[in-house]
2 protein chains.
Amino acid sequence: MLHSSASAEQLCLASPVRREPEPVSVKTINHDVVAAEYAVRGAIAIKSTAYQEQLKEGKDGLPFDKVYQCNIGNPQILGQKPISFFRQVLSLCEYPELMEHPAAADIYPPDAIARAKEYLDNIPGGVGAYSESKGAVILRQHVAKGIAERDGHPCNFEDLWLTDGASPGVHYMMKTLLRNEQDCILCPIPQYPLYSATIKLYGGTLLPYFLEEGRDWQATVAHLQEQVDTARSQGKQVRALVVINPGNPTGQVLDWENQELLIKFCKQEQLVLLADEVYQTNIYAAGREFLSFKKVLMEMGPEYSGHVPLVSMNSISKGYFGECGRRGGYFELVNFPQDVKDQLYKVASISLCPNVSGQICMALIMNPPQPGDPSHELFAKERDGILESLKRRAELVVDTFRSMEGVSCNEVEGSMYAFPRLTVPPAAVKAAANQGKPADFLYCMELLDQTGIVTVPGSGFGQEPGTFHVRTTILPPEADMAQVVQKFSEFHESFMRRYKGENGGS
Amino acid sequence: MLHSSASAEQLCLASPVRREPEPVSVKTINHDVVAAEYAVRGAIAIKSTAYQEQLKEGKDGLPFDKVYQCNIGNPQILGQKPISFFRQVLSLCEYPELMEHPAAADIYPPDAIARAKEYLDNIPGGVGAYSESKGAVILRQHVAKGIAERDGHPCNFEDLWLTDGASPGVHYMMKTLLRNEQDCILCPIPQYPLYSATIKLYGGTLLPYFLEEGRDWQATVAHLQEQVDTARSQGKQVRALVVINPGNPTGQVLDWENQELLIKFCKQEQLVLLADEVYQTNIYAAGREFLSFKKVLMEMGPEYSGHVPLVSMNSISKGYFGECGRRGGYFELVNFPQDVKDQLYKVASISLCPNVSGQICMALIMNPPQPGDPSHELFAKERDGILESLKRRAELVVDTFRSMEGVSCNEVEGSMYAFPRLTVPPAAVKAAANQGKPADFLYCMELLDQTGIVTVPGSGFGQEPGTFHVRTTILPPEADMAQVVQKFSEFHESFMRRYKGENGGS
């Protein structure tokens, strides 16, 4: 028997069995695709869209008359106005005939017209032609100028890849760095689920490092070291460290000392530092400022500045501009070998080029009107108005959460999110478990069902086992904000009452 | 010895050796990334960019004063004007304040204003907000309407994914269908290298099927059958059939009978049909028309219409519009199980959403001004002017190639490319081999060096072994076209003379 079976096996190796067709089904597609999760657009978001359709069709019977999308950092969907100068230039690039119209000087300030001319004169074929795969040269030059001014250190435009939002940079880096399941990426927990999703999609392993809620969501090097040592001693390879600064969903802003420690750790462990810096203009806390990892790295001396590979990512979707829908962003590569840069150029070229309007918008954001320019006064007023309002909303949201029973909430130092911690009654944990869900999923789903407020459960970002959180944006307009926080508070009270009651009261 | 070695192995399995750090280098990144090739933006394209920079800086010493980019289907970079109506609507969506300006009625036709209003009223947050991951509902509805009118069969907008160009659809499908190297995708040879690049990138295997040059680049089912049988008998799985119609780089337009045969083959072998239909409005040959695979499938009876999974892709980058730089496209899924559609929704959501301007442009193209609309006359004039000119240029290019020594060229029935076959002197084959290159690479590189004309060697698309081709677009403006074909002819003559001479003459 054994002998005959071994022979059959050998036969198999020599001439494999003919494969029968496998029709396309969820069982026959790539299992990494099936396994990847992306909570920001998951079940709760999908249900909120159905509610919106119901409201639009005028159907009665819902306990709310408006859906508040606090699940995604998408400011303009909630009524935030775009920055006039950016849109003026973009509309002229879209339809250059406008510049020739006699009314042009009445509609547009001269610096908007001049900027549009400068771009159209230097982008071969304008917004309707494929640009170079890394982005049009003039636009990369403008972005490089903005980076150099921000940091006080030069930026070579050839090290910039303009992208459709910041996400493609994450896709490119994960695809390029990950070779197999043994390859790990160190990711903060909680994290923005783009990282967990792309790591899974490209077949690698997420190696978590927990941010310490009690210490303003900072990371400690001792814990990072432990994670890397354990992984490497198990035969795994650690390839990169993801840092999101300002934090998403956690809202902290790193200080110089902390950033230095992280850079030193990357040097020691030969990791690529993936710096997600898309909230760099969203700083609210007194005494905090955004420091790019590029700047910190450049000022740590040649032992570091010439050695630690850094990917610094930015986006047009966040900040005071919030131009999510046009998809623009960039990443800058520092200390990457030329042959790896060549590979990343090729990867970008397989998608041809990022959309040119998004590229223009990125260049405008990194090179906005300067004092003395005709558009500067309005630009500064719009920018400051949005940032000051976001600061007020951040404080209101935090104060509200802190006033709720069983809720604690760190300061929103930056970014667009609050990430309060919930202490929920055991009955709620049990009720959720009966549905196969964590308690914060139940909380967020009931919040949506009862108030129309859309949030994301902490479990979608990862959290310390046994803790529960909710991520909410601070983006509803100030006119709506009082109502949103009131509805949220009322819901919370009823949720707590109900599940305490179900437990027999306490 | 043997025993001791076996013990060591067992020990290894129990406690793996600690991994040492591997700094990022071309040797330590994903090998599929390194192995992927994308000739359209390869060495010749990169050199042409350097020449352009030289010319721009006014440097002398080049034997040409202009670079002719005939390597990419990028019409606007060569001066093709965008369609006015599309740009009018786009500029209004970009800067809605324009609609309120007293000069608006003087600048814009009323249907452009009405269309922009319709879109802005129905896209929450306008072009600056993330849309749904598959695209804004109103825009998918307009695309669905256009598809239904084109085919005479209904289209459900929920089966549409709007995308940044057609490429993301190819990425999504390859990522989802390919599980490992045993999984194959049937690809035409010659093929557009997006397919070979993405199949390699996502770890699968390209299973070639050769188009028959002597039969107008049609595929034969007998050959397809042979390829599938061989692959399956070797234990490989064949998952999908790629068909590019009209052909790229080959320019043929399939007829009904041929399309039916391909659909029947997909049904029999349980393959997904990946239909690249981005050149659907680029038809030049008398008696030829574009038939979508959706239409043919729907008219083959319920045995087929309800069973063959079809992905039909389209783009705003080609046709008479050529809006490459704004990146817009869609794919329609037919006969896909709902759970696989859910997975593809999730994959799209990991990139958040396609850019909204590109989505709008796709909707405009599929739902353009109709007879009687204020913009229709100009729209039709612009569209027909471009298509008629492309037809003239297609004929001129083919005639030119046919007049050259040792060159044959099929008719350009559709798309934007001619793909002539070169019979090159043995000395040229040898000279190329000495550089480790195929002869058509040498030919195209010398063509660029001597004339400034940028083309892509046939080897970048794949071709029957021992044959050589060049792909050139038919896109230079008619004013330049006489000069381009003359330079090309002169180069060809000198190339042939030189390499025959080197061979001792014949």
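Conventions adopted
- Residues numbered from 1 in each chain as written.
- Chains lettered and ligands numbered in written order.
- Predicted model: local features only at pLDDT ≥ 70, side-chain atom pairs only at ≥ 80, totals over all residues.
- Heavy atoms only, no water.
- Salt bridge = Lys/Arg side-chain N within 4 Å of Asp/Glu carboxyl O.
- Helix = DSSP H or I, 4+ residues; strand = E, 2+ residues; numbered from the N terminus.
- Buried < 20%, exposed > 50% of the residue type's maximum accessible area, 1.4 Å probe, protein only.
- Domains from an automatic or database assignment.
- Contact = heavy atoms within 4.5 Å.
- Buried area = accessible area lost by both parts, 1.4 Å probe.
- Phe/Tyr/Trp six-rings, centres within 6.5 Å; stacked < 30°, edge-to-face > 60°.
- Lys NZ or Arg CZ within 6 Å of the ring centre and 35° of its normal.
- Axes fitted to C-alpha atoms, helices over the stretch in contact; angles between N-to-C directions.
- Parallel < 35°, antiparallel > 145°, perpendicular 65-115°, else oblique.
- Left-handed = near helix turned anticlockwise from the far one by under 90°.
- Nonpolar A, V, L, I, M, F, W, Y, C, P; charged D, E, K, R; others polar.
- Disulfide = S-S within 2.5 Å.
- Pairing = 2+ DSSP bridges.
- Least-squares fit on C-alpha atoms with pLDDT ≥ 70 in both.
- Expected span 1.5 Å × (residues − 1).

> Describe in detail the pattern of salt bridges, supporting the description with residues and values.
Summed over the entire model, instances satisfying the criterion amount to 55 salt bridges over all chains. In this structure, A:D480 engages A:K66 in a salt bridge whose closest nitrogen and oxygen atoms are separated by 2.8 Å. Within this pair, whereas A:D480 is found in helix α20 (residues 478-502), its partner A:K66 is found in the loop between α3 (43-56) and β1 (68-69), the two being separated by 414 residues in sequence. Residue classification places A:D480 among the buried residues on the basis of a relative accessible area of 16%. Classification of A:K66 as partly exposed rests on a relative accessible area of 36%. A:R140 serves as the salt-bridge partner of A:E158, at 3.1 Å between the closest nitrogen and oxygen. Here A:E158 is found in the loop between α8 (137-151) and β2 (160-163), whereas its partner A:R140 is found in helix α8, with 18 residues between them in sequence. Judged by relative accessible area, A:E158 falls into the partly exposed class, the value being 37%. A:R140 sits in the buried class, given a relative accessible area of 2%. Each member of the salt-bridge network shares a partner with another, and the members are A:R19, A:E22, B:R179 and B:D183.

> Tell me about the domain arrangement of chain A, and name the residues and values.
All names here are of chain A. Here chain A is partitioned into domain 1 (35-79 + 390-502) and domain 2 (119-366). Spacing between the C-alpha centres of domain 1 and domain 2 amounts to 29 Å. Opposite the 33 residues of domain 1 that make contact, domain 2 presents 34 residues. Between domain 1 and domain 2 the total buried area reaches about 2,700 Å² when both faces are included, carbon and sulfur atoms providing 54% of it. When residues of domain 1 are sorted by the area they lose upon contact with domain 2, N410, E413 and S415 head the list and together hold 25% of the total.

> Can you tell me about the packing of aromatic side chains, naming the residues and giving the values?
Residues and elements named next belong to chain A. What the rule picks out here adds up to 36 aromatic pairs over all chains. Pairing Y320 with F321 gives two aromatic rings, centres 4.6 Å apart and planes at 80°, and the pair type is edge-to-face. In this pair, the class of Y320 matches that of F321, namely buried. Through a chain of ring-to-ring contacts, the aromatic side chains of F85, F86, Y320, F321 and F379 assemble into a single cluster. Its end group placed over the ring of Y304, K267 keeps NZ or CZ at 5.3 Å from the ring centre.

> Describe the packing of helix α9 (residues 167-177) of chain A against helix α15 (residues 338-349) of chain A, listing the residues and the values that go with them.
All names here are of chain A. One way to put it is that α9 packs onto α15 with a least axis distance of 11 Å and a crossing angle of 125°. Between α9 and α15, the angle falls in the class oblique. Judged by the twist between their axes, the crossing of α9 over α15 is right-handed. Contacts between α9 and α15 pair Y172, M173 and T176 from the former with L344, V347 and A348 from the latter. Along the lines of polarity and charge, the residues of the contact of α9 with α15 split into five nonpolar, one polar and no charged.

> Go over the interface of chain A and chain B, please, and point to the residues and values.
Contacts between the two partners involve 106 residues from chain A, matched on the other side by 106 residues from chain B. Interface of chain A and chain B: buried area, both sides summed, is about 8,800 Å²; carbon and sulfur atoms make up 55% of it. One can count six salt bridges joining chain A with chain B. Between A:D229 and B:R18 there is a salt bridge; the shortest N-O distance is 3.7 Å.

> Help me get a handle on unusual backbone geometry, residues and values and all.
The omega torsion across A:N245 and A:P246 is -5°, close enough to zero to call that bond cis. Looking at the secondary structure, you find A:P246 in the loop between β5 (237-244) and α12 (256-269). Each neighbour pair has its own omega, and for A:N248 with A:P249 the value is 10°, a cis peptide bond. Within the secondary structure, A:P249 is located in the loop between β5 and α12. The phi dihedral of B:R327 is positive, around 55°, even though this residue is not glycine. Checked against the element boundaries, B:R327 lands in the loop between β7 (310-315) and β8 (329-334).

> Lay out the state of the cysteines in plain terms, naming residues and giving numbers.
In this structure the tally under the stated criterion is zero disulfides over all chains. As a non-bridged cysteine, A:C353 has B:C324 as the owner of its nearest cysteine sulfur, 8.0 Å distant. No disulfide involves A:C444; its sulfur sits 11 Å from that of A:C70, the nearest cysteine.

> Quick one: what's the story with the sheet that holds β2(A), residue by residue and with numbers?
Residues and elements named next belong to chain A. Judged by pairing direction, the sheet is mixed, and its seven strands sit side by side in the order β2-β8-β7-β6-β5-β3-β4 without closing on themselves. If you trace the sheet from one side to the other, it starts and ends with β2 and β4 (205-210), each paired once. Averaged over all pairs of adjacent strands, the angle between strand axes in this sheet comes to 20°, irrespective of strand direction. One ladder, built from four bridges, connects β2 with strand β8 (residues 329-334); its direction is antiparallel. If you follow W161 over to β8, its bridge partner there is F331. In the packing of α15 onto the sheet, the strands contacted are β2 and β8, and the crossing angle to β2 comes to about 20°.

> Tell me about the relation of the copies chain A and chain B, and name the residues and values.
The operation relating chain A to chain B is a screw motion whose rotation component is 180°, with 0.0 Å of axial translation and a residual RMSD of 0.0 Å. On the angle and the small slide along the axis, the relation comes out as a two-fold axis. Among all C-alpha atoms of chain A, that of A:S91 lies closest to the rotation axis, at 2.3 Å. In this assembly the copies share their binding face: 100% of the residues contributing to the interface of chain A also contribute to that of chain B.

> Just give me the short version of α8(A), but keep the residues and values in it.
End to end, α8(A) covers 21 Å across 15 residues, agreeing with the expected 21 Å (1.5 Å per residue, within 8%). Residues of α8(A) that are buried: A:V137, A:I138, A:L139, A:R140, A:H142, A:V143, A:A144, A:G146, A:I147 and A:D151.

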